[in-house]
Number of protein chains: 2
Amino acid sequence: METMRHSCSHLLAAAVMELWPETKLAIGPAIENGFYYDFDPSPPAGGSGQVFSDADLPKIEAKMAEIKAKNLTFIKKEIPVEEARKLFSDQPYKLELIDDLAKTEGVNVSNLQGVKLNVYETGNFVDLCIGPHVENTKDIGSFKLLSVAGAYWKGSEKNKMLTRIYGTCFPTKEELDEYLNFLEEVKKRDHRSIGKELDLFSIDDSVGPGLILWHPKLSVVREEIELYWRKQHRKKGYQYVYTPHIGLDNLWKTSGHLQTFKEGLYPPMSMELKNKEEAGNYYLKPMSCPFHVRIYKSRPRSYRELPVRYCELGSVYRYEGSGVLHGMLRVRGFTQDDAHIICREDQFEKEINNVLNSAMEMNAVFGFNKLNVYLSLRNPEEKEKYVGEKETWDKAEKVLKEILEKRKIPYKEDIGGAKFYGPAIDLKAVDALGREWQGTTIQLDFNLPLRFGMTYIGQDGKEHTPVMIHHTLLGSMERFVGTLIEQYSGAFPVWLAPVQAKIIPVSEKSLEYAKSVAEKLQNEDIRAEIDGRNERMQSKIRDAETEKVPYMLIIGPKEAESDSVSVRVRGEKDLGVMKLPAFLALIKEDIAKKRQV
Amino acid sequence: METMRHSCSHLLAAAVMELWPETKLAIGPAIENGFYYDFDPSPPAGGSGQVFSDADLPKIEAKMAEIKAKNLTFIKKEIPVEEARKLFSDQPYKLELIDDLAKTEGVNVSNLQGVKLNVYETGNFVDLCIGPHVENTKDIGSFKLLSVAGAYWKGSEKNKMLTRIYGTCFPTKEELDEYLNFLEEVKKRDHRSIGKELDLFSIDDSVGPGLILWHPKLSVVREEIELYWRKQHRKKGYQYVYTPHIGLDNLWKTSGHLQTFKEGLYPPMSMELKNKEEAGNYYLKPMSCPFHVRIYKSRPRSYRELPVRYCELGSVYRYEGSGVLHGMLRVRGFTQDDAHIICREDQFEKEINNVLNSAMEMNAVFGFNKLNVYLSLRNPEEKEKYVGEKETWDKAEKVLKEILEKRKIPYKEDIGGAKFYGPAIDLKAVDALGREWQGTTIQLDFNLPLRFGMTYIGQDGKEHTPVMIHHTLLGSMERFVGTLIEQYSGAFPVWLAPVQAKIIPVSEKSLEYAKSVAEKLQNEDIRAEIDGRNERMQSKIRDAETEKVPYMLIIGPKEAESDSVSVRVRGEKDLGVMKLPAFLALIKEDIAKKRQV
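The shown structure was predicted, so the numbers you read here are calculated from the model rather than taken from an experiment.

Asks: For the pairing of strand β18 (residues 424-430) of chain B, give the residues involved together with the corresponding values.
Replies: Residues and elements named next belong to chain B. Across the seven residues of β18, seven count as buried, placing the element largely inside the fold. Taking every second residue as pointing to the same face, both faces of β18 are buried, with A424, D426, K428 and V430 on one and I425, L427 and A429 on the other. Relative to β18, strand β16 (residues 371-377) is paired through six bridges, and the arrangement is antiparallel. Each bridged residue has a counterpart across the sheet, and for L375 the counterpart in β18 is I425. Hairpin connection of β18 to strand β19 (residues 436-445): five residues between the antiparallel strands, including G434 at a positive phi of 85°.

Structure below.
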C-alpha cells in the first residue's frame, strides 16, 4: 500500500510538471492514509507563478489519470552524484537534498564524487528517489487529491513556505470510496463546526487560546455527565473533595512537578509583586494529586481506614504551544475527572481491577464498547524525565503487566508513555468511525507517597508508606465532551440532550395546551421547550431536527382534546399519537437507560 | 454605656498600677461591646518585668472591685502642659501623647506652653484623658476581664509590642452574664474548632494561606447545597455555564478590573517567560462576569431572547493581606454562586424583584429568616474607585432605592459599599446568635454592557445596549458554609448531614442485619454508615453524638427479628423502636423538607 501511494505521489508530481513545467519539486512521501507532494510553484525569476488551490485539483487529477493510462514502467537508475546534479540543475530543492547526502555521510560535499544515487523515471518524469515503487503506473489503484495546504521546506519556519498537495490512493475504487465517505463523515462530525452550529461552546481571543467557554447547552451535557460520574464514584466508595486551583511552589517542588513538568506549567505568580512578606510564588495546578495528598496528611491514618478513595472534578491548567491546540480536544485548561486511591500494598491489585471494571462500564454508557489497551511504561533512555528509584519502577511496571495478563486483556506496550511518577494502564476508546481517543488512565505510583512522607499506622503499630493509584475514567470534561460531539454527531442521547422534547403547537390556538404539556414534563425534570413562533409546523419540525432535539411533540386541537401528543423522533421517524403518560413513561425510560432514541 | 466602659478601663489601669506600680500606661478606650487598656509591663531599667497573662486577670479583677467599692469620684482637672509633663514624668507613652498634641495643633512642641490638658483623678490614680466619665466608681456596673493580647503602640509594627487587656462592662449582672454566655456560645460555635473536631476542612501552609481544602464530609454539605442551588436557578430560568479560571489582561482592561481592582488581583502570569509570541499575560479571575459577557457576545442577540440569565459556581481568587484572613470566612480563593441577568431596560425591575424573592426564599431554607437590608451606594468623594458616568450611577442608585421603597422593605444606606461598576442591594443574614453575615448581593450595572459593547437587536431593528444585573444569593461556598457551621454548631440538618444515619449493632451477631439495613438506606440515597467496631453500645452512641450524626439506629436481635430499628435522635432523644419502612419515610421527609431533626 505504502509503495503504491508513494508511486502515486510521483504521478502527482509528473502531472504538475506537465501542467506547469516551471514548478520546483521538493519531496513527496507516502503517509498514513495517503501521500503528499510539496511544490514551490513560483517561477525562478520571482514573477507571479502558479499557486495551487483546491480548484486546480480536478485538472491535476485528470492529468494524473492520463499519465497512468500510458502504462509507464517505473525505471530505477543508479547515477553518479555529478550526473544527478546536472539532471536536477533547475531543481534547487533536489540539489539541496543531494548536498544533504554529504551531511548524512559525514563528509565534505565535494567528497560525494563517485557516490551513486537512485533516480526513478516514468516517461518524461524523473525524480530523485530511494524507492521502492510499483512496476508500472497501471499498478497504481484508484486515487483522489484531497487538499492543498502550506508547509515549510524541511518543516522549519525559517525556510520558505511551499505548497503541499495531499492525496490518497487505494487498490480498488470501492476502498477509495469507503475512505472518502469516512473523511466526509469525519468532516461532518467535526466538533468545532457542530459546536458552532448548535451554539455549544466558544474559544475567545480576549480570554486566551485553549480555554473553553461552555455555552448553556453544552453545560447541560457536562452537568449530566458530572452528576452521573459523581454518583458512580460515591457508589463505589469514593469521597468527593474540593481543592484550590493554585498552590505554592514548595508544594510543586515536593511533588516533583517543578523539576520534571516545568514546561507544562503556566508561569508563576510572583508574590513579591504584592508583598515582600509573602512566602513563595503560586502556580496554577497542572494536577490535583498534591492537594489530595495534603488532605490525606491532615491527620494520622490507620490501616483500618484504607483504602481511602478521593475524587474530584478538578480544573487544571497546562501550557501547550498554540500550534497544537485543537478545539476542545487539545486545550490548555481542562477539568479532569480525577481520583486517587491511597491503599496498602495488599490492596492495590484489587483496587486496580475495580477501576478497570468501572472504566469499562462507564465507557460503554457512551457507546465506547471497544477499548484499546496500552501499558504505558517509562523510557529507560530518558531517566531525567522520571522521579524515583529503578527498583520501584520495575516493581510498578511488573504489577500492572501481571494484572493485565491475569485478566487476559490484550494490550500494547507504550514505551515512554508513563507519567513522571509511575507507569499506567491506558484505555483508548474506539469511536463510531473507528478512531481512537485517549480516555481512561490508571497510574500506579510508589513515588509520590515517599516524596510527600505519607504514612499510615499498620496493624503492627508501626508507620508504613501507602501506595497511590491515580486514575481518570473519562480523561477530561473538555476532551471527552468534544469526543462525544463527534461520536454522536451532536445528536446526544436523551439523558444528555440539552433540550429533550420540543413542543410544537400547530397554531396559536394550541398554545395553552402546549404550556400545560411543557409544565407536566418540566415537573418530571424533563427538559422541554415550546416553539411558540408564528411559523409553519413543517419549518418548526425542520428547525428542531437541525437542533438535534430527540423528541418533537406536535400539538393540535385533536391532541388537546384527548390529552395526547403526536410524537416525532429525531431522524424523521413518526411514533404517531400517544397519551401523555405513555410518552412520559417512554422518555423517562430512555433517560434511565441512558439510551439513544 | 460607652462612658461607663471607658470609666471601667480607668478602673483597670488603677488596679494594675496598684499591683505593679512600675507599669507604663498607654491608652484605654471603650470599644464595641467593652473596653481595653494597653500596658507596657517591663520595668524602666529593662529588667524582667511583669508580663500579664490570662492567669493574672482574676487578681486584677479583685483589685478593681476593691477600688470600685471605695466609691471614688472621677475628678476632672484642667492643667497646663508643663504641669502634665511633670505629673507623667515616669510615663513615657503619656509624654509622647502630650507631644502629639503639638502635631494635632500644627505647632512646635515648645509652643504648647500655656495650653491646658484634661486629666481625670480617681483616688490615687490619675490619667491623661479627654473624658467624659461617670461621676463615681460606684456608677460602674458589672465588669469582667476577658483576655490578654499583644498590640503595637499606636497600631504600628514599627513600634513596641504592648500588652492589651480586654474587658467588658454592663449596667447589671444579668446583662453581663447574658453577654458572657453569648461569648461562650460564639466560642463553642467557632467554625475553625468545629471544623477540626469534625474533620471538615483544613488550610495548609504548603498550599497557601486563605485557600481551603474541603475534606470529604464538608464536601458532602457543599455538594448538596450546590445541587439545590442549581436546581432552584434552573427552575427560575437560569442557564448554567462553565468558564475558565484565567483570562488575558485585555479582558480585565475592558472590564476595568486592572484599573480599579488591581490590588485585589493575584500577580500576573507573565507569558513572555514561556514564549515571546504569546500575546499578553494571564490573571486569575477575581470575578466571572467578563466570561459571561463573552458568552453573551458569542453571537448576535434579539430582544426576543432577553432576559438571558447565566449562572455559575465560579471559583475566583482575590488577594487579601494575610492579617485579615479568618478560617473559611475571609479567604483568598472562593467559589461564588454567581449569576448575571442580561435584560432590556423595561425588564430589570421585575428581574430584581424576582432575585429579591429568590434570595429570601433561599436564605430561609438555612434558617436565616431575618435579613438586614443595605443599599450599597458609591462614595461620591472617591470618584477614582468607580467606572462610568455620574448620570448612569445616579439612575442606577435611584432605581434600586425605588424598588426597596415600593416593596416597603426597611433598609440602611451603605455609602461606599458599591462595587466599581454599580450600586447594590445587600442582604445580611442574621444568625442564631443575632450576628450579621454578608450573603446576598444584587448589583445593577449600566457600565459593563457599555465597556464590553454588548448589544441586542430591538423590535425596531436597531442595536440597543442591555442592562446587566450581577447577583449572588449565598455569597461564596466558603463563607456561606463556614457560616452554616457556626449557625448549626456543626449539627447540620438531615439533608446536609455528611452521615445521615449511623447504624450501631449491639454486638457482632447483629452485624449481618446491620448490613442489610445499611444497604436498604443506601439504595434510597440515604448516607448511612455502620459502626462495626468492637466497642460498647453506649460508647458508640457517644461517638455518634460527638460526630453530630442526626440519626442513630441501634440494632440488636429483637430488631433483626421484627425488621425494625431502635431510633435515637441527635441530642439524646429516643424515638423507640420503628419498622424500617416507617423510619425510611421519616428520614426521607426530613430530607425533602430540608428540616432539622
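Asks: Go over the sheet that holds strand β4 (residues 75-80) of chain A with me, naming the residues and quoting the values.
Replies: Residues and elements named next belong to chain A. With antiparallel pairing, three strands are arranged side by side in an open sheet as β4-β5-β6. The two strands at the open ends of the sheet, each matched to only one other strand, are β4 and β6 (125-128). Within the sheet, the average angular offset between the axes of one strand and its neighbour, ignoring direction, is 30°. Bridge analysis of β4 against strand β5 (residues 116-122) gives six bridges, and the strand direction is antiparallel. Looking at the pairing, K77 lines up with V119 of β5. The strands that helix α1 (residues 2-19) touches are β5 and β6; relative to β6, the one it contacts most, it runs at about 125°.

Asks: Help me get a handle on the interface of chain B and chain A, residues and values and all.
Replies: At the junction of the two partners, chain B supplies 60 residues and chain A supplies 60 residues. Interface area lost by chain B to chain A is led by B:Y242, B:P267 and B:K274, which between them contribute 14%. Between chain B and chain A we count eleven salt bridges in total. The salt bridge partner of B:D204 is A:R294, with a shortest N-O separation of 2.7 Å. Along the contact surface separating chain B from chain A lie 29 residue pairs in polar contact (both at pLDDT 80 or more). Every element with two or more residues in the side of chain B that touches chain A is listed here: β10 (212-214), α7 (216-235), β11 (239-240), β12 (246-248), β13 (282-284), α10 (289-296) and β14 (308-317) of chain B. Tallying contributions element by element places α7(B) first for the side of chain B that touches chain A, with ten residues. Broken down by class, the residue content of the side of chain B that touches chain A amounts to 30 nonpolar, 13 polar and 17 charged.

Asks: Give a detailed account of the side chain of B:S315, specifying residues and quantitative values.
Replies: Assignment of secondary structure puts B:S315 in strand β14. Of note is the side chain of B:S315, whose polar atom sits 2.8 Å from the side chain of B:T335. Excluding anything up to four places from it in sequence, B:S315 contacts A:H245, B:H245, B:K285, B:F334 and B:T335.

Asks: Help me get a handle on the pairing of strand β19 (residues 436-445) of chain A, residues and values and all.
Replies: Residue and element names in this part refer to chain A. Of all ten residues in β19, eight are buried; the element is thus mostly enclosed. Both strand β18 (residues 424-430) and β19 contribute to a ladder of seven bridges, which runs antiparallel. Each residue of the ladder has a partner; that of V430, found in β19, is E436. As paired elements, β19 and strand β22 (residues 467-476) share five bridges and run antiparallel to each other. Note on β22: the bridge partner recorded for D445 is M468.

Asks: Break down the environment of B:L313 for me, with residues and values.
Replies: All names here are of chain B. Relative to the assigned elements, L313 resides in strand β14. Taking the C-alpha atoms as reference points, L313 and F334, 21 residues apart in sequence, are found 9.7 Å from one another. When residues no more than four places from it in sequence are discounted, the contact partners of L313 are E226, W229, R230, Y240, T335, Q336, D337 and M477.

Asks: How would you summarise the side chain of A:D100 if you had to cite specific residues and measurements?
Replies: Along the polypeptide, A:D100 turns up in helix α4 (residues 92-105). Here A:D100 falls in the buried class, since its relative accessible area comes to 17%.

Asks: Go over the packing of aromatic side chains, please, and point to the residues and values.
Replies: In total, this model carries 46 aromatic pairs over all chains according to the counting rule given. Taking 5.6 Å as the distance between ring centres and 85° as the angle between the ring planes, the aromatic pair formed by A:Y266 and B:Y282 counts as edge-to-face. Of this pair, A:Y266 sits in the loop between α9 (257-260) and β13 (282-284) while B:Y282 sits in strand β13, each in a different chain. For the pair A:Y266 and B:Y282, one class covers both residues: buried. Against the face of A:F170 rests A:R5, its NZ or CZ located 4.6 Å from the ring centre. Between B:R230 and the ring centre of B:Y240, over which it is positioned, the NZ or CZ distance is 4.0 Å.

Asks: Please provide a residue-by-residue account of the relation of the copies chain B and chain A, values included.
Replies: Of the transformation placing chain B onto chain A, the axial shift is 0.0 Å and the rotation is 180°, giving an RMSD of 0.2 Å. Expressed as an axis order, the relation between the two copies is that of a two-fold axis. Minimal C-alpha separation from the rotation axis in chain B is found for B:M269, amounting to 2.6 Å. Mapped onto chain A, 100% of the interface residues of chain B are again interface residues, and the two copies thus contact each other with one and the same surface.

Asks: Tell me what's going on with the packing of helix α7 (residues 216-235) of chain A against α7(B), and back it up with residues and numbers.
Replies: When two helices pack together, their arrangement is given by the angle between the helix axes and the distance between those axes. At a minimum axis distance of 14 Å, the contact between α7(A) and α7(B) shows a crossing angle of 150°. By the angle between their directions, the pair α7(A) and α7(B) is classed as roughly antiparallel. Our pair here, α7(A) against α7(B), has a crossing hand that is left-handed. Note on element contacts: α7(B) touches α7(A) through B:V220, B:E223, B:L227, B:R230 and B:R234, opposite A:V220, A:E223, A:L227, A:R230 and A:R234. Partitioned by chemical class, the residues of the contact of α7(A) with α7(B) number four nonpolar, no polar and six charged.

Reading guide: rules and limits
Residues numbered from 1 in each chain as written. Chains lettered and ligands numbered in written order. Predicted model: local features only at pLDDT ≥ 70, side-chain atom pairs only at ≥ 80, totals over all residues. Heavy atoms only, no water. Buried < 20%, exposed > 50% of the residue type's maximum accessible area, 1.4 Å probe, protein only. Helix = DSSP H or I, 4+ residues; strand = E, 2+ residues; numbered from the N terminus. Pairing = 2+ DSSP bridges. Axes fitted to C-alpha atoms, helices over the stretch in contact; angles between N-to-C directions. Contact = heavy atoms within 4.5 Å. Buried area = accessible area lost by both parts, 1.4 Å probe. Salt bridge = Lys/Arg side-chain N within 4 Å of Asp/Glu carboxyl O. Polar contact = N/O pair within 3.5 Å; in protein donor to acceptor, adjacent residues only side chain to side chain. Nonpolar A, V, L, I, M, F, W, Y, C, P; charged D, E, K, R; others polar. Phe/Tyr/Trp six-rings, centres within 6.5 Å; stacked < 30°, edge-to-face > 60°. Lys NZ or Arg CZ within 6 Å of the ring centre and 35° of its normal. Least-squares fit on C-alpha atoms with pLDDT ≥ 70 in both. Parallel < 35°, antiparallel > 145°, perpendicular 65-115°, else oblique. Left-handed = near helix turned anticlockwise from the far one by under 90°.

Shape is all these values report; function is a separate question.
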